[in-house]
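In case you want the letters, here they are:
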Amino acid sequence: RKSVSNIQSSGINAEYGGTYSTCESLWSALEKGGYISGDRLWRMPLFKEYGDLLKSRTADINNISSGPYGGSITAAKFLQNFVKCKSWAHLDIAGVMDSTASFSYLPKGMSGRPTRSIIEALKLLSINK
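Residues numbered from 1 in each chain as written. Predicted model: local features only at pLDDT ≥ 70, side-chain atom pairs only at ≥ 80, totals over all residues. Heavy atoms only, no water.

Asker: Sorry if this is basic, but what is going on with the sheet that holds strand E3 (residues 89–92) here?
Answerer: Note: strands within a sheet are paired through backbone hydrogen bonds, in either parallel or antiparallel orientation. In spatial order, the strands read E2-E1-E3; together these 3 strands make up an open sheet with mixed pairing. Each end of this open sheet is capped by a strand with a single partner; those strands are strand E2 (41–43) and E3. Taken pair by pair, the neighbouring strands of this sheet meet at an average axis angle of 30°, ignoring direction. With 3 bridges joining them, strand E1 (residues 17–21) and E2 adopt parallel strand pairing. Bridging across to E2, Gly18 finds its partner in Trp42. Where helix H2 (residues 24–37) meets the sheet, it contacts E1, E2 and E3, and its direction lies at approximately 150° from that of E2. (Pairing = 2+ DSSP bridges. Helix = DSSP H or I, 4+ residues; strand = E, 2+ residues; numbered from the N terminus. Axes fitted to C-alpha atoms, helices over the stretch in contact; angles between N-to-C directions. Contact = heavy atoms within 4.5 Å.)

Quick look at the structure:
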């Protein structure tokens, strides 16, 4: 069985980190930070319908999709149930944290991705405050 993050990375490959965000300005900073650093991010949907896949007959909420699809998205929707602030982002890093192919700036192995993107995004957000 594939893990949630393996499903996400098989959809957008290891060149992009899957990102979920409820805030346009936060997403914009993360996206720009990804292009600056070379650790590119791809915005994934947080559609309401994916949250419906977390419904449970025996618990308040399931922590895994009731169907065979939307695994990474339903994981983000699960987290959304516990986030108190209106603007947030979740970066699904499992598909990019361990580089299986050498990129021009990353050897094979643990990469620290998308730390560079986050740092660049924070710089951009601090300038815009």
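Next comes the rest of the write-up.
Asker: Even after reading the chapter, I still don't get the packing of aromatic side chains, so can you show me in this structure?
Answerer: Ring pairs (aromatic) are described by centroid distance and by the angle formed between their planes. Inspection of every chain in the model, using the stated rule, returns 3 aromatic pairs. Taken together, a centroid distance of 5.4 Å and an interplanar angle of 75° make the contact between Tyr16 and Trp42 edge-to-face. One end of the pair, Tyr16, is in the loop between helix H1 (4–12) and E1; the other, Trp42, is in strand E2, and 26 residues separate them in sequence. Since its relative accessible area comes to 19%, Tyr16 is described here as buried. Overall, the relative accessible area of 43% leaves Trp42 in the partly exposed class. Here Arg40 stacks its cationic end above the ring of Tyr16, 4.6 Å away from the centre of that ring. (Phe/Tyr/Trp six-rings, centres within 6.5 Å; stacked < 30°, edge-to-face > 60°. Buried < 20%, exposed > 50% of the residue type's maximum accessible area, 1.4 Å probe, protein only. Lys NZ or Arg CZ within 6 Å of the ring centre and 35° of its normal.)

Asker: Got a minute to help me understand the nonpolar core in this structure?
Answerer: The nonpolar side chains of soluble globular proteins are, as a tendency, buried together. Residues Cys23, Leu26, Trp27, Ala29, Leu30, Leu41, Leu91 and Ala121 constitute the largest nonpolar core, which totals 8 residues. Looking at which element gives the most residues to this core, the answer is H2, with 4 residues. Leave out the neighbours within four places in its chain, and Ala121 touches Ala29, Leu30 and Gly33. (Core = buried A, V, L, I, M, F, W, Y, C linked by side-chain atoms within 4.5 Å.)

Asker: Would you mind going over helix H5 (residues 115–127) with me for this structure?
Answerer: Counting along an α-helix, one turn takes 3.6 residues, and residues three or four places apart therefore face a common direction. Compared with the 18 Å implied by 1.5 Å per residue over 13 residues, the 19 Å span of H5 between its first and last C-alpha is a close match. Looking at H5, one finds that the buried residues are Ser117, Glu120 and Ala121. Along the long axis of H5, the arc covered by the buried residues comes to 100°, so they all point the same way. Each element contacted by the buried residues of H5 is listed here: H2 and E2. (Expected span 1.5 Å × (residues − 1). Arc of directions from axis to C-beta.)

Asker: How do you make sense of the pairing of E1 when you look at a structure like this?
Answerer: Two faces make up the sheet, and in a regular strand the side chains alternate between them. Where burial is concerned, most of E1 is hidden: 5 out of the 5 residues are buried. By the alternation rule, side chains of E1 split into Gly17, Thr19 and Ser21 and Gly18 and Tyr20, which are all buried. Handedness of the crossover joining E1 and E2 through H2 is recorded here as right-handed. Strand direction decides the pairing type here: E1 and E3, joined by 4 bridges, are antiparallel. When the sheet's bridge partners are listed, Gly18 is paired in E3 with Asp92. (Right-handed = clockwise from strand over helix to strand, strands pointing away.)

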